[in-house]
Amino acid sequence: MAADVHNKAWESQNGSLVPGARLRHERSDSPTPGLVEGTEPGAGQESAMFVHARSFEDLTADSDGQAEVNSGKESDLGQVKDEEGRVVQHIETEDQQTGTSQGGARAKEEDVTSEEWRAHKKHVFVLSEAGKPIYTRYGTEEALSSTMGVMMALVSFVEAEKNIIRSIQGDGYRVVFLRKSPLVLVGVSRTSQSDRELTRELLYVYYQIVSLLTLTQLNHVFQHKQNYDLRRLLAGSEHLTDNLLRLLDRDPGLLLSAVTCLPLASSARDVVSSALQAAKTKSLVFSILMAGSRLVTLVRKKDQSLHHMDLHLLFNLVGSSSSFREGEGWTPICLPKFNTAGFFHAHISYLQSASDLCLILVSTDREDFFNLSECKHRIVERLRRRSAWQALQEALRCPSYPVSQVAIPELRHFVYKSKSSGLYTSPELPVPYQTDEEQERLMVLYQYLHSCLHHPTRPLCSIYRCGETENLFAWVTSGFELYLCFSPLGTKSVAVSAVNKLLKWIRKEEERLFILNPLTY
Amino acid sequence: MTAMRVDAKVVMLGKESVGKTSLVERYVHRRFLVGPYQNTIGAAFVAKQIHVGDKVVTLGIWDTAGSERYEAMSRIYYRGARAAIVCYDLTDSSSFQRAKFWVKELQNCEEHCKIYLCGTKSDLAEADRSIRQVDYHDVQDFADEIGAQHFETSSKTGNNVDELFQKVAEDFSSSAFELMPEGTGVDLGQKKDSYIYSCCHN
Ligand SMILES: Nc1nc2c(ncn2[C@@H]2O[C@H](COP(=O)(O)OP(=O)(O)OP(=O)(O)O)[C@@H](O)[C@H]2O)c(=O)[nH]1
Ligand SMILES: [Mg+2]
């Protein structure tokens, strides 16, 4: 396997950049795709929809102290009841483990002393600072209480010396620790992922838990009782974390800190966006229409933007549970990147019961259900009246595109992220990568490329790597990130010329693949 | 089409997995979904019209999640409810303890809310008597004591489900007749006065 690496920026080689003019027709005609942030294919016309995560570093940096101002704060958060008030419930929860929470396909029954259990590629454990088990990806928490006790002992032992344990490397695996008081998260991985990446995944799990409880409530329960069993409050949410971990293994969006869109004619998307924009009410902060795991459009309150991580948590909530299929859901949700202290309230419903179109209306007012319900009806009504409805239905029939549309013979797959919009596009997986194992293997390759481009001390601008099963190429500029997978027969010069061709194709298709006109209300 | 006007707010309460969602599913969609159990997240709202005599009553049903996580929020779901269907699983005695907790909460906070105790999964209890953990007569005594109605239902077979909701609608309709001039219902879209949350936890 040969790795050919460039440390030099590509900007100089590619010469001139697109000037600042951002009119749509000019954008489409411009011969050279912009290398500068804001001019790259897929860049939005106005301000970005998402909180700007400029880099991977932003994401891994601890930003808890800098949560944005919010209006969604609620006053009842401190009102979690004390232990005395809950004696009865406590008993119930102890003996309920047999009957409930065995959501779906969880491999919960797995024997934690078995070889199969040990052989899992990636384990994730969450425990309290008292060493109490809170979550395990495989097996049951009960069976692992002594293991988690040992983990906590290890953490405390190192901390007693005023040190912090970050990771341990052993024979073919690594153990990564993330300390987010009052929780401790531990990952045990046999993959080639770096500590940083594993830590980032643990951080996602941490935010998943915070999104259900808020950090305020989390701190509150542990302040009252150090050895509180948090599973009581998390009961029934295990499948959310399970699903999130699956997404982390498969979904390039979580790796790239970006979201992908449903391909849709820009005229139709604009109609949908304005339908969402028109149906507003005072408490509304974000209106999000999604199709499966793809964004159709997102309209937000002026001056507010959503962090992609929070959006992924919302997607995960909707995607992992069929309970929103019927009726209208109304649930508290904390968007931890917005504010870890308060709950928003999300109105979640499908536009039609058998359709994939799910509408999420995020409100600051928990009393506002009926107003939001009214908004939903207005949106449906407005969409039905327009031809956009038809366009939307057609787009849903082919939510993706084959890589052959790009007409680059050696190209098998790619992921392109426009940095300024926080959106990415990627064709459907071709035949050799359609099984779960192959899909995950490709993701591992992309993860590797990603970690080279985002190395904390020696980041690369581009990397070309030949392998037995595929050749890979990745390139980052200030405007975009691009990851490509070629058949192993190609050469580096084929790859380089493919990039230009691909960028031109994306530029040509950008109106369909991206949201160029994000709206606010 | 605008949002349906709701006459009576009905709330489903009870420990997780006792079968609240299944009950609503059976009543509204006439089906029983088999397959892995999915916890309700937060709560789900569905409106359903029901005939009482020659009148039509629209029930706005709130199917809440049983998880303790949402307990602090539960008031937003049951506030202003005219009826509460408090569910427990006939094969799980702890779920009846939890039902008593909800009854107390309702008595403290929603005095105008009528309570319907509903023992679920009666098909299981009938198929194998030994797995029944909640005695019919014990619950009946408790129901008499608190002035509640008492049903045992099966969402799997549909047994007694329509009867339960029919009773809820009839009770509402006769009390609505007593309370207010004909034709006016409770408009749940209306903003209520703000309330002090902590009142019901002391
Ligand atoms: N045999 C039988 N099983 C039932 C019946 N009702 C519910 N179940 C099963 O009980 C489990 C829980 O049902 P749900 O209706 O989802 O419970 P829930 O009360 O809504 O639970 P939460 O949403 O977590 O509060 C499911 O596996 C159902 O299939 C019934 O009448 N008979
Ligand atoms: Mg339910």
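Note that the structure is predicted; figures quoted are calculated from it, not measured.

Caption draft 1: Layout of the coordination of the magnesium ion (ligand 2). Residue and element names in this part refer to chain B. The protein atoms that coordinate the magnesium ion (ligand 2) are Thr21 (OG1) and Thr40 (OG1), at distances of 1.9 to 2.0 Å. Of this pair, Thr21 sits in helix 1 (residues 20-29) while Thr40 sits in the loop between helix 1 and strand 2 (43-52), and the two are 19 residues apart along the sequence. For Thr21, a relative accessible area of 33% translates into the label partly exposed.

Caption draft 2: Spatial organisation of the sheet that holds strand 5 (residues 174-180) of chain A. Residue and element names in this part refer to chain A. Reading across from one edge, 3-2-6-5-4 is the order of the 5 strands in this open sheet, with antiparallel pairing throughout. Looking along the sheet, the strands with just one partner apiece sit at the ends: strand 3 (133-136) and strand 4 (167-169). The sheet shows a mean angle of 15 degrees between the axes of neighbouring strands, direction not considered. Of the pairings in the sheet, the one linking strand 5 to strand 6 (residues 183-189) comprises 7 bridges and is antiparallel in character. Its bridge partner being in strand 6, Val175 is matched across the sheet by Val188. The strands touched by helix 7 (residues 195-213) are strand 2 (122-128), strand 4, strand 5 and strand 6; relative to strand 5, the strand with the most contacts, the crossing angle is about 45 degrees.

Caption draft 3: Inspection of the packing of helix 10 (residues 238-250) of chain A against helix 16 (residues 436-453) of chain A at higher detail. All names here are of chain A. One can describe the packing of helix 10 onto helix 16 by two numbers: an axis separation of 7 Å at closest approach and a directional angle of 65 degrees. Put simply, helix 10 runs roughly perpendicular to helix 16. In this structure, helix 10 contributes Leu248, Asp249 and Arg250 to the contact, and helix 16 contributes Asp436, Gln439, Glu440, Met443 and Gln447. In terms of residue class, the contact of helix 10 with helix 16 is made up of 2 nonpolar, 2 polar and 4 charged.

Caption draft 4: Structural view of the sheet that holds strand 10 (residues 328-333) of chain A. Taken together, 12 strands build an open sheet; the order of strands is 18(A)-9(A)-8(A)-12(A)-11(A)-10(A)-2(B)-3(B)-1(B)-4(B)-5(B)-6(B) and the sheet is mixed. In the strand order of this sheet, the two ends are held by strand 18 (519-520) of chain A together with strand 6 (149-152) of chain B, each with one partner. Examined bridge by bridge, strand 8 (residues 284-291) of chain A and strand 9 (residues 294-300) of chain A share 6 bridges and lie antiparallel to one another. Opposite Met290 of chain A, over in strand 9 of chain A, you have Leu295 of chain A as the bridge partner. Running at roughly 145 degrees to strand 12 (residues 357-363) of chain A, helix 14 (residues 369-385) of chain A makes contact with strand 8, strand 10, strand 11 (344-350) and strand 12 of chain A together with strand 2 and strand 3 (55-64) of chain B of the sheet. Along the sheet, helix 3 (residues 93-109) of chain B makes contact with strand 1 (8-14), strand 4 (83-89) and strand 5 (114-120) of chain B, crossing strand 4 of chain B at roughly 160 degrees.

Caption draft 5: Representation of the packing of helix 3 of chain B against helix 5 (residues 136-146) of chain B in the model. Residue and element names in this part refer to chain B. As a packed pair, helix 3 and helix 5 sit with axes 13 Å apart at the nearest point and diverge in direction by 5 degrees. Classified by the angle between their axes, helix 3 and helix 5 sit roughly parallel to one another. Contacts between helix 3 and helix 5 involve Phe96, Lys100, Val103 and Gln107 on the former and, on the latter, Val139, Phe142 and Ile146.

Caption draft 6: Local environment of the environment of Leu392 of chain A. Residues and elements named next belong to chain A. With respect to the secondary-structure elements, Leu392 resides in helix 15 (residues 388-397). Relative accessible area serves as the criterion here: at 0%, Leu392 is assigned to the buried category. The spacing of Leu392 and Arg269 is 123 residues in sequence and 8.3 Å in space, taken between C-alpha atoms. Contacts of Leu392, omitting those with residues within four sequence positions, involve Leu262, Leu264, Val272, Leu289, Val296, Leu357 and Leu383.

Caption draft 7: Molecular detail of the confidence of the model for chain B. Residues and elements named next belong to chain B. Of the residues in chain B, 85% reach a pLDDT of 70 or more, and the chain-wide mean stands at 86. Here residues 180-202 scores under 50 on pLDDT; set against residues more than four positions off or in separate chains, the count is 42 contacts. Predicted as a complex, the structure gets a pTM of 0.84 and an ipTM equal to 0.86.

Caption draft 8: View of unusual backbone geometry. In this chain, Ser181 of chain A is followed by Pro182 of chain A through a cis amide linkage whose omega measures 5 degrees. Within the secondary structure, Pro182 of chain A sits in the loop between strand 5 and strand 6. The phi dihedral of Ser17 of chain B falls on the positive side, at around 65 degrees, and the residue is not glycine. Note on placement: Ser17 of chain B falls in the loop between strand 1 and helix 1. The phi angle at Arg30 of chain B is positive, at roughly 55 degrees, despite the residue not being glycine. Mapping Arg30 of chain B onto the fold places it in the loop between helix 1 and strand 2.

Cut-off values and rules
Residues numbered from 1 in each chain as written. Chains lettered and ligands numbered in written order. Predicted model: local features only at pLDDT ≥ 70, side-chain atom pairs only at ≥ 80, totals over all residues. Heavy atoms only, no water. Donors = N, O, S within 2.8 Å, 3.2 Å for Na, K, Ca; no water. Helix = DSSP H or I, 4+ residues; strand = E, 2+ residues; numbered from the N terminus. Buried < 20%, exposed > 50% of the residue type's maximum accessible area, 1.4 Å probe, protein only. Pairing = 2+ DSSP bridges. Axes fitted to C-alpha atoms, helices over the stretch in contact; angles between N-to-C directions. Contact = heavy atoms within 4.5 Å. Parallel < 35°, antiparallel > 145°, perpendicular 65-115°, else oblique. Nonpolar A, V, L, I, M, F, W, Y, C, P; charged D, E, K, R; others polar. pLDDT = per-residue confidence, 0-100.

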